[in-house]
Amino acid sequence: NKLRKRKIDATSVRIPIMLGRNDHTDRLNFYRARLADGAGVILVNRGQNQVQVVWHRDVAKVLKEWILKSDPAERSVWELLPLKSLSVREFITELGYSNGYPLKFFSANYIKIDKHVDGYLDLEPLWRERNQNVTKANLFYHANLDPTPFSHWFKTLESVPEISDKFLRRRECDFIRLLSS
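Residues numbered from 1 in each chain as written. Predicted model: local features only at pLDDT ≥ 70, side-chain atom pairs only at ≥ 80, totals over all residues. Heavy atoms only, no water.

### Topic: unusual backbone geometry
Right, so step 1: The backbone phi angle of R46 is positive, close to 65°, even though this residue is not glycine.
Right, so step 2: By the element assignment, R46 lies in the loop between strand 3 (41–44) and strand 4 (50–51).
Right, so step 3: Within the chain, N144 stands out as a residue other than glycine whose phi angle is a positive 55°.
Right, so step 4: Tracing the backbone through its elements, the reader meets N144 in the loop between helix 7 (139–143) and helix 8 (150–154). (Helix = DSSP H or I, 4+ residues; strand = E, 2+ residues; numbered from the N terminus.)

### Some words on the packing of aromatic side chains
Right, so step 1: Tallied over the entire structure, the rule returns 10 aromatic pairs.
Right, so step 2: Plain terms: the ring middles of W153 and F154 are 4.8 Å apart, the flat faces sit at 65° to each other, and that makes the pair edge-to-face. Like F154, W153 is buried.
Right, so step 3: Ring pairing ties together the aromatic residues W55, F91, F150, W153 and F154, which thus form one cluster.
Right, so step 4: The ring of F30 has R34 lying over it, and the distance from NZ or CZ to the ring centre is 3.8 Å.
Right, so step 5: Its end group placed over the ring of W78, R75 keeps NZ or CZ at 5.5 Å from the ring centre. (Phe/Tyr/Trp six-rings, centres within 6.5 Å; stacked < 30°, edge-to-face > 60°. Buried < 20%, exposed > 50% of the residue type's maximum accessible area, 1.4 Å probe, protein only. Lys NZ or Arg CZ within 6 Å of the ring centre and 35° of its normal.)

### Things to note about the pairing of strand 3
Right, so step 1: Because side chains alternate across strand 3, one face comprises the buried residues V41 and L43, and the other comprises I42 and V44, equally buried.
Right, so step 2: Relative to strand 8 (residues 105–108), strand 3 is paired through 4 bridges, and the arrangement is parallel. Note that in strand 8 the partner of L43 across the bridge is S107. (Pairing = 2+ DSSP bridges.)

### Points about helix 2 (residues 27–36)
Side chains three or four residues apart in an α-helix point the same way, a direct result of the helix having 3.6 residues per turn.
Right, so step 1: Along helix 2, 8 of the 10 residues are buried, which leaves the element largely enclosed by surrounding structure.
Right, so step 2: Of all the positions in helix 2, only L28, N29, F30, Y31, R32, A33, R34 and L35 are classed as buried.
Right, so step 3: Once helix 2 finishes, G38 follows within two positions and takes phi at roughly 80°, a positive value.

### Some thoughts on the packing of helix 2 against helix 4 (residues 88–99)
The packing of two helices is summarised by the inter-axis angle and the distance between the axes.
Right, so step 1: Interhelical geometry of helix 2 versus helix 4 gives an angle of 60° and a closest axis separation of 10 Å. Between helix 2 and helix 4, the angle is such that the two are oblique. By crossing handedness, the relation of helix 2 to helix 4 is classed as right-handed. Every residue of helix 4 that contacts helix 2 at L28, Y31, R32 and L35 is listed here: V88, F91, I92, L95 and G96. (Axes fitted to C-alpha atoms, helices over the stretch in contact; angles between N-to-C directions. Parallel < 35°, antiparallel > 145°, perpendicular 65-115°, else oblique. Left-handed = near helix turned anticlockwise from the far one by under 90°. Contact = heavy atoms within 4.5 Å.)

### Side note on helix 4
Right, so step 1: Between its first and last C-alpha, helix 4 extends 17 Å over 12 residues, near the 16 Å set by a 1.5 Å rise per residue.
Right, so step 2: What helix 4 keeps buried is the set V88, F91, I92, T93, L95, G96 and S98. (Expected span 1.5 Å × (residues − 1).)

Okay, structure coming up:
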């Protein structure tokens, strides 16, 4: 940290994937739109990889508690990982249940998906995520706060957007039919 080298107190906070209303990354909407249209979601490698996601309001609440009740410069690096991770499949399942979407999953390895649905892996937001270890510098732990359950904040989301790349979705559906046969 450049500031610390110059003897200036500074702290970095590592924030994981943060989702919520008006999320500019559209990570969550990628899955919501596919669940909502009922044709199914393609899971890369059965959706087994782990994802650690936090709600934007939890991040704000934890940062506020941390700043007001502790010494942020106590450590040079803090992190905001949720205390547990979920598989991508579990995450999407929770999203589907929370919003009443039908759950239809189709799985293939990333090589097969890339071969049949060019561009899908460029947009699929969580297929490369891996579990990160929660450290002693975890702000949820230090603030003695638990992240809000997904089922609560998934229900607060705005209306489901349409899939912007209809041509890609058509290729996904063709691939889903191939996987189903």
